[in-house]
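Each chain is listed here by its residues.
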Amino acid sequence: MNAPLQSLSIEPITAPLKGKVVLPGSKSVTNRVLLLAGLARGTSRLTGALKSDDTLYMAQALRQMGVSVEQPDATSFIVRSTGALQAPDAPLFLGNAGTAVRFLTAASALVRGTVVVGGDANMARRPIAPLVAALQRLGIDATAPSGCPPVTIHGTGLLDGGEVEIDASLSSQYVSALLMMAGCSRRPVRISLSGPHIGAQGYIGLTIAAMKAFGASVASTDDTSWTVAPGGYTATDFRIEPDASAATYLWAAQALSGGDIDIGFPIADFTQPDAAAWRVIRSFPHMPAVIDGSQMQDAIPTLAVMAMFNATPVRFVGIANLRVKECDRTHALATQMQRINPGYAREEGDDLLVFPDPDPSATAKNVRIETYDDHRIAMSFALAALKIPGLSILNPGCVAKTFPAYWDTLRALGVRIHPGD
Ligand SMILES: O=C(O)C1=C[C@@H](OP(=O)(O)O)[C@@H](O)[C@H](O)C1
Ligand SMILES: C=C(OP(=O)(O)O)C(=O)O
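Conventions we followed
Residues numbered from 1 in each chain as written. Chains lettered and ligands numbered in written order. Predicted model: local features only at pLDDT ≥ 70, side-chain atom pairs only at ≥ 80, totals over all residues. Heavy atoms only, no water. Buried < 20%, exposed > 50% of the residue type's maximum accessible area, 1.4 Å probe, protein only. Helix = DSSP H or I, 4+ residues; strand = E, 2+ residues; numbered from the N terminus. Pairing = 2+ DSSP bridges. Right-handed = clockwise from strand over helix to strand, strands pointing away. Near = heavy atom within 4 Å. Polar contact = N/O pair within 3.5 Å; in protein donor to acceptor, adjacent residues only side chain to side chain. Areas by Shrake-Rupley, 256 points an atom, 1.4 Å probe, with all protein chains shown as cover. Nonpolar A, V, L, I, M, F, W, Y, C, P; charged D, E, K, R; others polar. Axes fitted to C-alpha atoms, helices over the stretch in contact; angles between N-to-C directions. Contact = heavy atoms within 4.5 Å. Phe/Tyr/Trp six-rings, centres within 6.5 Å; stacked < 30°, edge-to-face > 60°. Lys NZ or Arg CZ within 6 Å of the ring centre and 35° of its normal. UniProt positions renumbered as here; feature names shortened; annotations may be inferred. Domains from an automatic or database assignment. Parallel < 35°, antiparallel > 145°, perpendicular 65-115°, else oblique. Left-handed = near helix turned anticlockwise from the far one by under 90°.

1. Points about the pairing of strand β18 (residues 314–317)
Remark: a regular strand shows side chains that alternate across the two faces of the sheet.
Move 1: Only one face of β18 is buried: it carries Val314 and Phe316, and the other face, with Arg315 and Val317, is open.
Move 2: The pairing of strand β17 (residues 290–292) with β18 spans 3 bridges and is classified as parallel. Bridge pairing in β18 links Val290 to Arg315.
Move 3: The parallel pair β17 and β18 is bridged by helix α9 (residues 300–307), and the resulting crossover is right-handed.

2. Concerning the site of ligand 1
Move 1: In the vicinity of ligand 1, the contacting residues are Lys27, Ser28, Arg32, Thr99, Ser171, Ser172, Gln173, Tyr203, Gln297, Asp298, Asn321 and Lys325.
Move 2: One nitrogen or oxygen atom from the side chain of Lys325 is found 2.6 Å from an oxygen atom belonging to ligand 1.
Move 3: Coverage of ligand 1 by the protein amounts to 96% of the 390 Å² it exposes when considered alone.
Move 4: The element contributing the most residues to the shell around ligand 1 is helix α1 (residues 27–39), with 3 residues.
Move 5: Taken together, the residues of the shell around ligand 1 sort by class into 1 nonpolar, 7 polar and 4 charged.

3. Regarding the sheet that holds strand β1 (residues 7–10)
Move 1: Taken in spatial order, the 4 strands line up as β21-β22-β1-β23 in an open sheet, and their pairing is mixed. Among the strands making up the open sheet, the edge pair consists of β21 (367–369) and β23 (417–419). The mean inter-strand angle of the sheet, taken between neighbouring strand axes irrespective of direction, is 30 degrees.
Move 2: Bridging between β1 and β23 involves 3 bridges; their strand directions are antiparallel. Across the sheet, Leu8 pairs through a bridge with Pro419, a residue of β23.
Move 3: Along the sheet, helix α10 (residues 329–340) contacts β21 and β22 (391–394); its crossing angle with β21, the most-contacted strand, is approximately 170 degrees.
Move 4: Across the sheet, helix α11 (residues 375–385) is in contact with β1, β21 and β22; its angle to β22 comes to roughly 170 degrees.

4. Things to note about the pairing of β1
Move 1: As judged from the 3 bridges shared by β1 and β22, these two strands associate in the antiparallel manner. Among the inter-strand pairings, Ser7 is bridged to a residue of β22, identified as Leu394.

5. Quick notes on the packing of aromatic side chains
Move 1: On inspection of all chains with the given rule, the structure shows 8 aromatic pairs.
Move 2: With 5.6 Å between their ring centres and 70 degrees between their planes, Tyr249 and Tyr406 make a pair best called edge-to-face. One end of the pair, Tyr249, is in helix α7 (residues 244–257); the other, Tyr406, is in helix α12 (residues 406–412), and 157 residues separate them in sequence.
Move 3: One aromatic cluster is present, formed by Tyr249, Phe403, Tyr406 and Trp407 through successive ring pairs.
Move 4: The ring centre of Phe77 lies 4.7 Å from the NZ or CZ of Lys51, which sits over that ring.

6. Considering the UniProt feature "binding site: phosphoenolpyruvate" (unreviewed entry) in the protein
Move 1: Summarizing the sequence annotation, UniProt attributes the feature "binding site: phosphoenolpyruvate" (unreviewed entry) to Lys27, Gly98, Arg126, Gln173, Arg329, Arg376 and Lys401 in the numbering used throughout.
Move 2: Residue position: Gly98 is located in helix α3 (residues 98–107).
Move 3: Those residues in contact with Gly98 that lie beyond four places of it in its chain are Met123, Arg126, Gln173 and Lys401.
Move 4: With respect to the element layout, Arg376 can be found in helix α11.
Move 5: Contact partners of Arg376, with chain neighbours within four places excluded, come to Ser245, Tyr249, Asp298, Pro301, Arg329 and Thr402.

7. A word on the UniProt feature "active site" (unreviewed entry) in the protein
Move 1: UniProt tags Asp298 as "active site" (unreviewed entry).
Move 2: Examined against the element boundaries, Asp298 turns out to sit in the loop between β17 and α9.
Move 3: For Asp298, the residues in contact, after removing those within four places along its chain, are Lys27, Tyr203, Ser245, Tyr249, Asp274, Lys325, Arg329 and Arg376.

8. Considering the site of ligand 2
Move 1: For ligand 2, the set of nearby residues contains 14 residues, the closest of which are Lys27, Gly98, Arg126, Arg376 and Lys401.
Move 2: The backbone of Gly98 places a nitrogen or oxygen atom 2.7 Å from an oxygen atom of ligand 2.
Move 3: Take Asp298: an N or O atom from its side chain is 3.3 Å from an oxygen atom of ligand 2.
Move 4: Calculation on ligand 2 without its partners gives an accessible area of 290 Å², and the protein chains cover 98% of this total.
Move 5: Listed by contribution, the elements that provide at least two residues to the shell around ligand 2 are α3 and α11.
Move 6: For the shell around ligand 2, the class distribution of residues is 1 nonpolar, 5 polar and 8 charged.
Move 7: Each of domain 1 (7–24 + 242–419) and domain 2 (27–239) contributes no fewer than three residues to the shell around ligand 2.

9. A few points about the packing of helix α5 (residues 173–182) against helix α6 (residues 202–213)
Move 1: In the contact formed by α5 and α6, the axes pass within 9 Å of each other and the chain directions differ by 15 degrees. Between α5 and α6, the angle falls in the class roughly parallel. Crossing handedness for the pair α5 and α6: right-handed. Seen from α5, the contacting residues are Val175, Ser176, Leu179 and Met180; seen from α6, they are Tyr203, Ile204, Thr207, Ile208 and Met211.
Move 2: Residue composition of the contact of α5 with α6, grouped by class: 7 nonpolar, 2 polar and no charged.

So, in structure tokens, the structure goes:
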């Protein structure tokens, strides 16, 4: 086996980037429909799916719980299930996949027996206490002593229903997890928000749409409470749309290079929240002075790196929970920008301020960008390397979390990328 690459060095582009790319399937949708298919009795064919660390961890966990998950080709899963998840005989290891950990923590309440849900060292620092507390309020025996994974759930195989409040200000995934679990309850479940706000509301819409495709019924009067009817899920065939967060890197590469990149999917057809980033990217090099990232959080690394080349400074607000993603993204972005040029960025409370350099090509430095095992830090700083000479990206393999073909996709557009030391 080859040792993982230490770094990739990227040459600045000398011409606009042009061409057609194939985007990976949506991580968010793939992990929702994998779980829903696992909770549905019968056979579901999922096409357009993402095959990456995050979704393969989900698929493997479902197999451990008695679901058959086959991979007939590079973008499909065939899921066969009895509709009931069984207790696995070993802990579920889910890497740093937030969706898989949160969704399976709640779904494990439907299992008769014990499930331990955990991941890697980074995941062991990502908060899950609000979700565990909500499960406890529903009468489920769930514990996470550190407030982060691993979580141990002792289920009875039956969920009674009821009402539960949850503070989802740290992660909307807690609500999505409860909603999907609630579809398999014996009586209706009402979920309402107790916290001041929810990070990315659009992800709740994505969850409800996927649940409805699998036959569930969800009612909501506003954006703060939902009632899920009992009845379980019906197996179905589902076409997964491309990943909007992945699209942001290509949109940015197009804007930064003045190029023309065809992502093969109409922007208006995306249902994921990060598609909203397109409007900001399109405004480059006149991005707004203040960008609210609350509803497009995964696009912020892309937008922040673009802001290094904007005509005017940009302040990113509404990004407090970027600090509890794969790494503290606000700190990672500021620190790596400052290593390129100390004046590039500043953290102010939870805001990130980016100050463009009027002549970035003169910034030539030999900077090896630390990526903190975070795919989005690696993918976004690759965009900076298109403009600034001398940058290399450490641990480039971390893009496998959601976009394993990222480097090949850039190469196919003409970007010159070489193994570093
Ligand atoms: O529900 C989802 O699919 C996601 C929700 C967001 O996380 P939070 O809800 O934790 O902010 C996002 O950052 C993540 O990549 C995917
Ligand atoms: C935050 C992310 O992932 P997750 O929470 O699903 O691990 C992401 O993909 O940017």
